[in-house]
Amino acid sequence: MNAPESNTTPPVVEQGSSSASRRHLKGQLGVTSIVFMVIAAAAPLTVIAGNVPIAVGLGPGAGAPVGFVIAALVLLVFAVGFVTMTPFVAEAGAFFSYVTKGLGARLGLSAAFVALVAYTAIQVGIYGYLGWAIDDLVQHYGGPSAPWWVWSVAVLAFVAVLGYRHIELSSKILGVALVLEILVVIVLDVAIVVQGGPEGIGATSFTMDAVSSGPIGIAVLFALTGFIGFEATAVFRDEARDPERTIPRATYLAVVIIGVFYAISCWALVEAWGPSQVADVARAALDSGDNMLLDTAGIYVGAVVRDLIQVLLVTSLIACVLSFHNVIARYQFALARKGVLPEPLGRVHHAQHSPYVSSVVQSVTALLFVVAFAAVGLEPLVGVFGSMAGVATVGMVILLLLTSVAVLVFFRKNPDAQRGRVVSTVVFPALAVLGLLGSLGLVLSNFTLVTGQSVMISVGLALVPVVAFVAGLVLRRSKHLSERNDTL
């Protein structure tokens, strides 16, 4: 095992100096702040408005909430091994740091490239969704219509400014947006339960008849996409107040809160329309382009709250891209610190204590993708969001699998670290591998539903994370990486 890094605070240097790349990111993020950023990346309101209707309409109908429960349980099982290995992974970097520790630098670098592709894809996809959502909101209030990319670029500039600054400013903004969007959905859920749906309130969703009424795999698939980014708790290790305690607590809390919120809100939406009718309602909304969540809110909480939800849907998306911006910038920062990416990406701002060069590069990268997609005339929801969500989902499941295998291998090679913890170091990681293999099968077998594209295009998109994985293997063999980077 590698020795953990020293906690001694390095001297402050100017951001332009050659020693800037050797500084550490600093911060006092607690469990709450990290959980806020992770849940914000999951964009709970966006998932309820977008993923849930698809899971209901194309999946098992009233049984869709079980899909979210299954996804949460799979990730909780995964989190046990992930958290158990955390004290032995001294560096920030989430998945690639864990894979490197367990499986070596070559596979670790491949995992890092897959993560960069997955996070970049979902962030760019959300910029497409965001552009459409803002234009829809503006038109709802009588404003002029504009191309989706105009709004996307405007938000991108806002995110670029916040991403350049200290992480604690972003965490506060994300916290406010997150609390508001969760509260408004809870208000709707409570209103549905109090008023009762057309068939009353019951537990039909959790019966075998409901679960078997359609492909539960589709519900699991769209539930998994709603968890993308939960493991980013480990990315903020260097900026956590007490990483040995903060990271595990934040990881478990994030999975539980997200899973419970999704499952209950999905169930409430089912009850709002009635278990026997909800699938037809969801399919009709998907076919017409209507927003099932907003229609439900209009019935149960009135026009004012319905309009508030529409506004918060936009802020939810903004919070989401801000959170992913911070995660991607820190991935690039960590890779630059190891000589994998150009040295300037590993510099820390002398005043903001942020990976400012990496943040700027990330903003430019996102801008280039948005401009490119706009130039070829892609439609923002299916063409941009659907396709990029598909790439991100495949990449994320691959990363989860690699990490679970890394946990198994690491503790097998380090029996002293494993002693007395067979369940958390062997049993749960092995179960996670089995569950994730099944999940990957579900993702790939239903991939055209995620991307909204033809089989040929969908296959090409699914191969993007695989290409990134191979690129990492090839680069690791190049002469540009020295032996000092074996710890990545």
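What comes next is a walk through the structure. (Residues numbered from 1 in each chain as written. Predicted model: local features only at pLDDT ≥ 70, side-chain atom pairs only at ≥ 80, totals over all residues. Heavy atoms only, no water.)

1. What about the environment of Thr204?
Move 1: Relative to the helices and strands, Thr204 is located in the loop between helix H7 (167–195) and helix H8 (208–211).
Move 2: On a C-alpha basis, the gap between Thr204 and Gly274 in space is 9.6 Å, while along the polypeptide they are 70 residues apart. (Helix = DSSP H or I, 4+ residues; strand = E, 2+ residues; numbered from the N terminus.)

2. Quick look at the packing of aromatic side chains
Move 1: Summed over the entire model, instances satisfying the criterion amount to 14 aromatic pairs.
Move 2: Aromatic side chains Phe78 and Phe82 sit 5.5 Å apart centroid to centroid with 25° between the ring planes, which places their arrangement in the stacked category. With Phe78 and Phe82 both in helix H3 (residues 64–85) and four residues apart, this pair spans about one turn of that helix.
Move 3: Using a relative accessible area of 2% as the deciding quantity, one classes Phe78 as buried.
Move 4: Clustering of aromatic rings is evident, with ring pairs tying together Phe68, Phe227, Phe261 and Tyr262. (Phe/Tyr/Trp six-rings, centres within 6.5 Å; stacked < 30°, edge-to-face > 60°. Buried < 20%, exposed > 50% of the residue type's maximum accessible area, 1.4 Å probe, protein only.)

3. Regarding the pattern of salt bridges
Note on pairing: side chains with opposite charge can pair once their charged atoms come close.
Move 1: Under the criterion given, the structure shown has two salt bridges.
Move 2: Among the ionic pairs, Arg306 bridges to Asp307, the shortest N-O distance being 3.4 Å. Accessibility classification places Arg306 together with Asp307 in one group, the buried group. (Salt bridge = Lys/Arg side-chain N within 4 Å of Asp/Glu carboxyl O.)

4. Some remarks on a nonpolar patch on the surface
Move 1: Together, Val422, Val423, Val426, Val427, Leu431, Leu434 and Leu437 give the surface a local cluster of nonpolar side chains, amounting to about 600 Å² of exposed area.
Move 2: Summarising the element assignment, Leu437 is placed in helix H17 (residues 422–445).
Move 3: Looking at Leu437, the relative accessible area reads 48%, which means it is partly exposed. (Patch = residues over 30% accessible without salt bridge, like charges linked within 9 Å, V, L, I, M, F, W, Y side chains within 5 Å. Areas by Shrake-Rupley, 256 points an atom, 1.4 Å probe, with all protein chains shown as cover.)

5. What to know about the packing of H3 against helix H4 (residues 95–103)
Two quantities define a packed helix pair, namely the angle between the axes and the distance from one axis to the other.
Move 1: Running from amino to carboxyl end, H3 crosses H4 at an angle of 70°, the nearest separation of the two axes being 11 Å. With respect to H4, the axis of H3 lies roughly perpendicular. Across the interface between the two elements, Phe78, Phe82 and Met85 from H3 touch Phe95, Tyr98, Lys101 and Gly102 from H4.
Move 2: Considered class by class, the residues forming the contact of H3 with H4 number five nonpolar, one polar and one charged. (Axes fitted to C-alpha atoms, helices over the stretch in contact; angles between N-to-C directions. Parallel < 35°, antiparallel > 145°, perpendicular 65-115°, else oblique. Contact = heavy atoms within 4.5 Å. Nonpolar A, V, L, I, M, F, W, Y, C, P; charged D, E, K, R; others polar.)

6. What about the environment of Val47?
Move 1: With respect to the secondary-structure elements, Val47 resides in helix H2 (residues 44–58).
Move 2: As for Val47 and Thr225, which are separated by 178 residues in sequence, their C-alpha atoms are 8.5 Å apart.

7. Description of the packing of helix H5 (residues 105–140) against helix H14 (residues 356–375)
Move 1: At their nearest, the axes of H5 and H14 sit 10 Å apart, and the two run at 55° to each other. Put simply, H5 runs oblique to H14. The way H5 lies across H14 gives a crossing that is right-handed. For the pair H5 and H14, the contacting residues are Thr120, Gln123, Val124 and Tyr127 in the first and Gln362, Ala366, Phe369, Val370 and Phe373 in the second.
Move 2: Partitioned by chemical class, the residues of the contact of H5 with H14 number six nonpolar, three polar and no charged. (Left-handed = near helix turned anticlockwise from the far one by under 90°.)

8. Topic: the nonpolar core
Move 1: Counting residues in each nonpolar core, the largest one holds 141 residues, and the members touching the most others are Phe68, Tyr119 and Tyr127.
Move 2: Broken down by element, this core gets its largest block of residues, 19 residues, from H5. (Core = buried A, V, L, I, M, F, W, Y, C linked by side-chain atoms within 4.5 Å.)

9. Description of the side chain of Ser205
Move 1: Mapped onto the secondary structure, Ser205 falls in the loop between H7 and H8.
Move 2: Taking relative accessible area as the criterion, Ser205 reaches 0% and is therefore assigned buried.
Move 3: At 2.7 Å, the side chain of Ser205 forms a polar contact with the backbone oxygen of Ala62.
Move 4: Residue contacts for Ser205: discarding those within four places in its chain leaves Ala62, Gly63, Pro65, Val66, Ala210, Val211, Trp267, Val270 and Glu271. (Polar contact = N/O pair within 3.5 Å; in protein donor to acceptor, adjacent residues only side chain to side chain.)

10. Overview of H5
Move 1: Compared with an ideal rise of 1.5 Å per residue, which puts 36 residues at 52 Å, H5 spans 52 Å between its outermost C-alpha atoms and is within 8% of the ideal.
Move 2: Summarising burial for H5: 28 of the 36 residues are buried, a large majority.
Move 3: Just downstream of H5 lies Gly142, where phi reads positive at about 85°. (Expected span 1.5 Å × (residues − 1).)

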